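Residue-level structure breakdown
These are the residues of each chain, in order.
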Amino acid sequence: MKRRSGLMPCPIARLLFLLLLSFSLLLLCSSLSLGKVEPIIPYLSDQAVLGLAVEGAEQKITPYLWAGYDLDYQEGAYKIGGRIRLNPNHTEKPTQTWLDLNYGYWPSHEAAGYPFHRGWAGSLHWKDRATSFKATIFTGELSPGHFRGSTVDAFYQEAVKVTHLHLHYNRLLYQDWKKTVYFLMAITSGQPRGSDQTFSATTWTLPIQSGSFRWKTQAGYITRCEQVVPYFDLADLVRGYGKIVKTGDRIFGITMEKLFQPFPFSDLPLVNLLHITAFTDAGGLLRSGEAPRDLKFHHSAGVGLLLDLGQSDLRLEGVVTDEGRHQILFYLDTFFPGQAEY
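Notes on the structure follow. (Residues numbered from 1 in each chain as written. Predicted model: local features only at pLDDT ≥ 70, side-chain atom pairs only at ≥ 80, totals over all residues. Heavy atoms only, no water.)

Remarks on the environment of Gly318
By the element assignment, Gly318 lies in strand E17 (residues 313-321). C-alpha separation for the pair Gly318 and Gly240, spaced 78 residues apart in sequence, amounts to 8.8 Å. (Helix = DSSP H or I, 4+ residues; strand = E, 2+ residues; numbered from the N terminus.)

Overview of the pattern of salt bridges
Going through the model one piece at a time under the given rule, you end up with 11 salt bridges. Note that Glu38 and Lys36 form a salt bridge whose closest N and O atoms lie 4.0 Å from each other. Under the relative-accessibility criterion, Lys36 is labelled partly exposed at 31%. Close ionic contact of Arg325 with Glu323 constitutes a salt bridge, the shortest N to O distance being 3.5 Å. When its relative accessible area of 39% is taken as the criterion, Arg325 is described as partly exposed. (Salt bridge = Lys/Arg side-chain N within 4 Å of Asp/Glu carboxyl O. Buried < 20%, exposed > 50% of the residue type's maximum accessible area, 1.4 Å probe, protein only.)

A word on the pairing of strand E4 (residues 75-85)
One ladder, built from 10 bridges, connects strand E3 (residues 61-70) with E4; its direction is antiparallel. Each residue of the ladder has a partner; that of Tyr64, found in E4, is Gly81. Counting the residues in the hairpin turn of E3 and E4 gives 4 residues, including Gln74, whose phi is positive at 55°. Inspection of the sheet shows E4 paired to strand E5 (residues 96-107) by 8 bridges, in the antiparallel sense. Residue pairing across strands places Lys79 opposite Gly104, the latter belonging to E5. (Pairing = 2+ DSSP bridges.)

Written as structure tokens, this is what we have:
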């Protein structure tokens, strides 16, 4: 499940460290035929990561080095690896297939509630104009829950060595003028090292937009073992709730939103991308041992400003929950699945 990305400023000392690390990566890549050097910022990635990506020239085998800093968990991150292209990309209807092998310490949503992975990952990617599929085998550690901002402190305190398989399927079901429907499914299944127990996390998401109206339905299911305890957080379903206020292993949520564009034809920079938004969230979760009849829905409503950045939305919102809590939110979010590589 996607975590809402915070936009907290990074301390100057950490930015200097990031720049030094990035410069070191450039030196390491000096012997390669450089293809591109790009920033990694929350707008381009599925996580709240600020950093730099250095990649070799696009060819059959493309090496890369990424270095960054996660703004949510205030942790440094890195990844080194390479992509192996399995088919040419010059057909009329391009279909891309590639392998990716990397080692790193990088934020991940694959095991719900565990913010970082450290270890080896090998994945097969397949993508055309409407569908993308990724199968990843990971072996390494799921990070402990001591990071500031982490949602996992109440559940575990030590890193856990695991091997797991992650499958991600993304399908554009329908697209016409101002109408878009996607379907996303993600499955992670694995086991701790030296154990015969298994854990899994499965989520389904159906985002729909028709004109200025948006609707998103989400559902998820988790199985746990003694050493790995993934969980869903109500804060990821209902805006205005804090982290680990309510958690569970089964979820169902709905978001409805209406967008109003006050200046659609303005020539001023970014003004024509500005929207006024009114929304409501409703979601519930079940803890282990609870039956479906125990499901209790929580809800929130709010209004705000939205800047449409293409892949992501920059949002400033005021929200109130069914428990009477008021909150101002400022964050980046992605309604439809993006094409982020990081």
